[in-house]
Amino acid sequence: MHSPGEDLHEDYIEKIKRLKAQRNAVILVHNYQLPEVQDIADIMGDSLDLSRAAIEADCSVVVFCGVQFMAEIASILNPGKIVLLPVEEAGCRAADMITVERLKAMKAQFPDAAVVCYVNSSAAIKAESDICCTSRNAIEVVRSLKDYERVIFIPDGNLARWVQSRVPDKEMIPWEGFCPTHVMVSKEEILCSKQQHQGAEFIAHPECELDILALADCVGGTGEMLDYVRNSPCRKFIVGTEMGLTHRLKKENPDKSFYSPSKSFVCPDMKLTTLEKVAHALETMTYRIEVPENIRQRAKVSLDRMLR
Ligand code: CIZ
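Attention in this report is confined to the structure presented alongside it. Keep in mind that this is a model prediction, so the values were computed, not measured.

**Things to note about the environment of valine 151**
By secondary structure assignment, the location of valine 151 is in strand β7 (residues 150–154). Residue valine 151 is classed as buried on the basis of its relative accessible area, which comes to 0%. Separated by 20 residues in the primary sequence, valine 151 and glutamate 171 have C-alpha atoms spaced 6.2 Å apart. Setting aside anything within four residues of it in sequence, one finds valine 151 in contact with Ala113, Ala114, Val116, Val142, Leu145, Lys170, Glu171, Met172 and Ile173.

Right, here's the structure in full:
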């Protein structure tokens, strides 16, 4: 017998299926979303996978279960499609740590530097940057800047320092933004978790601090973590990123075990999207994400460079 909560889920799932067909919609879901939202995805992934999927999807409407900057990317790359974000206020605290004015001031201070912006940034910030990157391709993107010795890296300072440790021939100038979820975990928590789960491999996201990354067997974005776990002979993993990823890891690797080292690995914005909100988005065609054309075109240049 189903619990009342499960029955409600079933009702929303039926409604979403019906509305999705009516609207010719595709549901894209980020790896950090709630388990029940992941389970209704047409396509799951990190922001790079989902940006590509949004371009390739044969649909009129993209429902983006993620946060604002991700839906903006889908809209920038797909001006002909309607992009809906089920929760209007689902933002990114790291992205909010930089403004266009402050970036312009930094560019004036370092006029010879290239500007690399992490995807966790607004469309207006992308428009002011030379090239965009994700946590998966940040090292590759910085290495590709053959004509530059200095790189202003925004907004995540931890990711900038991780890239610097891998690309020592460039001078990275980090913006001191951070993801409040990834900086909460302490070295003690990781060591304690390693002690508790002897033999487990530790996979960590580069938004964590460098002393945490130094303890990891694999450092990468969620896409890399999924690849690493799939290919590793190890059967136990300590997961150093937002807890939502564990649902997908378990589903794809039922014979392996996953442990979160910290209760703090929860992004409050990623958890705002529920099945009810997805059904509401499809029913009311809200909230539509559109980027002003002058910003869209410039932001697209920095995204296209990354995708190339
Ligand atoms: O690239 C992304 O989507 C982010 C922000 C995190 C990750 O590693 O999936």
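**Some details on the packing of aromatic side chains**
Tallying each qualifying case throughout the model produces one aromatic pair. Ring geometry for phenylalanine 237 versus phenylalanine 258: centroids 5.6 Å apart, planes at 20°, classification stacked. On the criterion of sequence distance, the pair formed by phenylalanine 237 in strand β11 (residues 236–240) and phenylalanine 258 in strand β12 (residues 257–259) is long-range, its members being 21 residues apart. The buried category is assigned to phenylalanine 258, whose relative accessible area is 9%.

**Thoughts on the nonpolar core**
With 80 residues, the main nonpolar core has Val116, Phe153 and Ile154 as its most contacted residues. Apart from residues no more than four positions distant in its own chain, isoleucine 154 is found in contact with Ile98, Leu103, Val115, Val116, Cys117, Tyr118, Ile125, Ser129 and Trp175. Residues Leu34, Ile40, Val63 and Cys65 belong to the second largest nonpolar core, which totals 17 residues.

Reading guide: rules and limits
- Residues numbered from 1 in each chain as written.
- Predicted model: local features only at pLDDT ≥ 70, side-chain atom pairs only at ≥ 80, totals over all residues.
- Heavy atoms only, no water.
- Helix = DSSP H or I, 4+ residues; strand = E, 2+ residues; numbered from the N terminus.
- Buried < 20%, exposed > 50% of the residue type's maximum accessible area, 1.4 Å probe, protein only.
- Contact = heavy atoms within 4.5 Å.
- Phe/Tyr/Trp six-rings, centres within 6.5 Å; stacked < 30°, edge-to-face > 60°.
- Core = buried A, V, L, I, M, F, W, Y, C linked by side-chain atoms within 4.5 Å.

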